Amino acid sequence: MHVRDYLESNDRSWPDRLAYVSRSGRFTWGATPDRVRRLAAALQDLGVGKGDVVATLSLDTQEVVETWLASCTIGAVRAGINFRYAPREMAHIINDAGVKGLIVQDECEAAYRALSDPLPTVTAVVGVGKHAFDLDYDELLRTHDDPPSPVELHDDDAVALSYTTGSTGLPKGAVWSQRSVVTALVNTMLQAGMRRDDVFMHCLPAAGVPILSTSWNVFNGSTVVLMDKFSPRSALELIQSERVTSVLW
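Fair warning: this is a prediction, and the values are worked out from it, not measured in the lab.

A.B. asks: Looking at this structure, I do not really get the packing of helix 2 (residues 31-45) against helix 3 (residues 62-74). What am I missing?
C.D. replies: Angle between the axes and distance between the axes are the two parameters that describe a pair of packed helices. In contact at an axis separation of 8 Å, helix 2 and helix 3 are set at 65 degrees when each is read in the N-to-C sense. On the basis of the axis angle, helix 2 is roughly perpendicular to helix 3. Seen along the crossing, helix 2 lies across helix 3 with a hand that is right-handed. Contact residues: Thr32, Arg35, Val36, Leu39, Ala40, Leu43 and Gln44 in helix 2; Gln62, Glu63, Glu66, Thr67, Leu69, Ala70, Thr73 and Ile74 in helix 3. Taken together, the residues of the contact of helix 2 with helix 3 break down into seven nonpolar, five polar and three charged.

Encoded structure:
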């Protein structure tokens, strides 16, 4: 099974269970797969196919998770761009990965527009929130209600490029396969002892490896609370208000 199979299983098994809580809203296991399917279809309509790279420049929001899951669904390759990076580092990742589709949150639009390097591979930029881009994330979801075109997936297919911190130079992309992602997620979830009634709070930067912790719940139907950016006060408030049972920071 691949990530998309578990996602569809949750949709069938407990559509009314809460899947995600974020600044964007509260989303059930019925709503989340539907939004992922719509985004996947929209990406295909924008010319993103199997093996093409889709990147997010954003705080840790629902849209980042949906982009990750949509990439897993259609065989695209997800890359995250840390909004804390310098313009040179951002441009390097976009060009090194050969990003085709780029999703930019409104709070990161200024950082994107400050990039002076050419971005020859980018063919579509989608804005989230209040932005000035031609393509709008929510509008794409509204206008794509048909499922994405079927894509055959294999265990060894690339599904993500996870960039290093670049401590000895520019960031370098590590390739994740469909199999490696499923193996890492399932085993980590089991070793952590996470149950279906757990509420996990994600508060690490999802541009890199921690994107995995945003989707532990895909494998058991539990709930993930997304912090867009960590602060001690907000974390404590969310732990109390959302009855968080597990957190990693």
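A.B. asks: What is the right way to look at the packing of aromatic side chains in this model?
C.D. replies: In this description, a pair of aromatic rings is defined by centroid distance and the angle of the planes. A complete count under the given rule lists five aromatic pairs for this structure. Seen in terms of ring centroids, Trp68 and Trp176 are 6.5 Å apart; in terms of plane orientation they differ by 80 degrees. Their pairing is edge-to-face. Residue Trp68 is found in helix 3, and its partner Trp176 is found in strand 9 (residues 173-177); the two are separated by 108 residues along the sequence. Exposure remark for Trp176: the relative accessible area of 13% places this residue in the buried category.

A.B. asks: Any chance you could explain the layout of surface pockets here in plain terms?
C.D. replies: It is a probe the size of a water molecule, rolled over the atoms, that shows where empty space is left. Of the volumes computed, that of the largest pocket is approximately 250 Å³. Along its surface, the largest pocket is lined by 15 residues, and Tyr85, Tyr163, Thr164, Thr165 and Gly208 are the ones closest to its centre. Elements with a contribution of two residues or more to the lining of the largest pocket: strand 8 (158-163) and strand 9. Partitioned by chemical class, the residues of the lining of the largest pocket number nine nonpolar, six polar and no charged. Reported here for the second largest pocket is a volume of approximately 160 Å³. Lining the second largest pocket we find Arg23, Ser24, Phe27, Arg35, Thr61, Glu63, Gln105, Asp106, Val128, Gly129 and Asp138. Classifying every residue of the lining of the second largest pocket by side-chain character gives two nonpolar, four polar and five charged.

A.B. asks: Sorry, what's going on with the environment of Ala86 here?
C.D. replies: Structurally, Ala86 is set in the loop between strand 4 (77-81) and helix 4 (87-97). Residue Ala86 is classed as partly exposed on the basis of its relative accessible area, which comes to 35%. C-alpha separation for the pair Ala86 and Ala114, spaced 28 residues apart in sequence, amounts to 10.0 Å.

A.B. asks: It is not clear to me how empty space enclosed by the protein should be interpreted in this structure. Could you clarify?
C.D. replies: Scanning the model with the defined rule gives one cavity of 30 Å³ or more in all. Taken as a whole, the largest cavity spans an internal volume of roughly 30 Å³. In terms of lining, the largest cavity is formed by Thr56, Ser58, Thr61, Glu63, Val64, Thr67, Ile103, Val104, Gln105 and Val128. Listed by contribution, the elements that provide at least two residues to the lining of the largest cavity are helix 3 and strand 5 (99-105). Split by residue class, the lining of the largest cavity holds four nonpolar, five polar and one charged.

A.B. asks: Is there a simple way to think about the side chain of Gln105 in this case?
C.D. replies: By the secondary structure assignment, Gln105 is in strand 5. Note on Gln105: relative accessible area 4%, which makes it buried. Here Leu59 takes part through its backbone nitrogen, which lies 3.0 Å from a polar atom of the side chain of Gln105. If we skip the residues at most four places from it in the chain, Gln105 touches Arg23, Leu57, Ser58, Leu59, Thr61 and Val128.

A.B. asks: Looking at this model, I keep getting lost on the sheet that holds strand 10 (residues 199-202). Mind explaining?
C.D. replies: Each strand in a sheet pairs with its neighbour through backbone hydrogen bonds, running either in the same direction (parallel) or in the opposite one (antiparallel). On the basis of which strands lie adjacent, the open sheet formed by five strands has the order 2-1-11-10-12 and mixed pairing. Each end of this open sheet is capped by a strand with a single partner; those strands are strand 2 (25-28) and strand 12 (246-248). Taking each pair of neighbouring strands and ignoring which way they run, the sheet shows an average axis angle of 20 degrees. Sheet topology places strand 10 next to strand 11 (residues 223-226); four bridges connect them, and they run parallel.

A.B. asks: Where do I start with unusual backbone geometry in this structure?
C.D. replies: Trans peptide bonds make up the majority, and among non-glycine residues the majority have a negative phi. Despite not being glycine, Arg243 has its phi angle at roughly 55 degrees, a positive value. You can see Arg243 is positioned in the loop between helix 8 (232-241) and strand 12.

A.B. asks: Even after reading the chapter, I still don't get the packing of helix 1 (residues 3-13) against helix 2, so can you show me in this structure?
C.D. replies: Two elements in contact, helix 1 and helix 2, have axes separated by 8 Å at closest approach and are oriented at 135 degrees. On the basis of the axis angle, helix 1 is oblique to helix 2. Judged by the sense of rotation from one axis to the other, the crossing of helix 1 with helix 2 is left-handed. In this structure, helix 1 uses Leu7, Glu8 and Asp11 to contact helix 2, whose residues at the interface are Pro33, Val36 and Arg37. A breakdown of the residues in the contact of helix 1 with helix 2 according to their chemical character gives three nonpolar, no polar and three charged.

What counts and how
Think of each chain on its own: its residues are numbered from 1, step by step along the sequence as written. Only residues with pLDDT of at least 70 are given local features in this predicted model, and only at 80 or more are side-chain atom pairs given and counted; all residues enter the totals for whole chains, interfaces and linings. Computation of side-chain values: all heavy atoms of the structure, hydrogens and water removed. To obtain each axis, a line is fitted to C-alpha atoms, and for helices this fit is confined to the stretch in contact; angles are then taken between N-to-C directions over 0 to 180 degrees. Note on conventions: DSSP H or I runs of at least 4 residues are helices, E runs of at least 2 residues are strands, and numbering of each starts at the N terminus. Our angle categories are set so that under 35 degrees counts as roughly parallel, over 145 as roughly antiparallel, 65 to 115 as roughly perpendicular, and the remainder as oblique. Working rule for handedness: look at the near helix, and if it is turned counterclockwise from the far one by less than a right angle, call the crossing left-handed; if clockwise, right-handed. Residues count as neighbours in contact if any of their non-hydrogen atoms are within 4.5 Å of one another. Any residue outside Ala, Val, Leu, Ile, Met, Phe, Trp, Tyr, Cys, Pro, Asp, Glu, Lys and Arg is labelled polar, Gly included; the first ten of those are nonpolar and the last four are charged. Between 30 and 60 degrees the pair is tilted, below 30 it is stacked and above 60 it is edge-to-face, where a pair is any two Phe, Tyr or Trp rings, Trp via its six-membered ring, whose centres lie within 6.5 Å. Buried residues are those whose accessible area, probed at 1.4 Å on protein chains only, stays under 20% of the maximum for their type, while exposed residues exceed 50% and partly exposed ones sit between those limits. With a 1 Å grid spanning the protein atoms alone, the term cavity applies to any set of points in which a 1.4 Å probe fits but cannot get out, the term pocket to an open set with protein on both sides within 12 Å along at least five of seven lines, and the term lining residue to any residue with an atom within 4 Å of a point. Grid points are joined across faces, edges and corners, and a volume is the space filled by probe spheres set on the points. Definition of a polar contact: a pair of N or O atoms within 3.5 Å, with one able to donate and the other able to accept a hydrogen when the atoms are protein atoms, and with sequence-neighbouring residues admitted only if both atoms are side-chain atoms. DSSP calls a pair of strands paired once it identifies at least 2 bridges connecting them.

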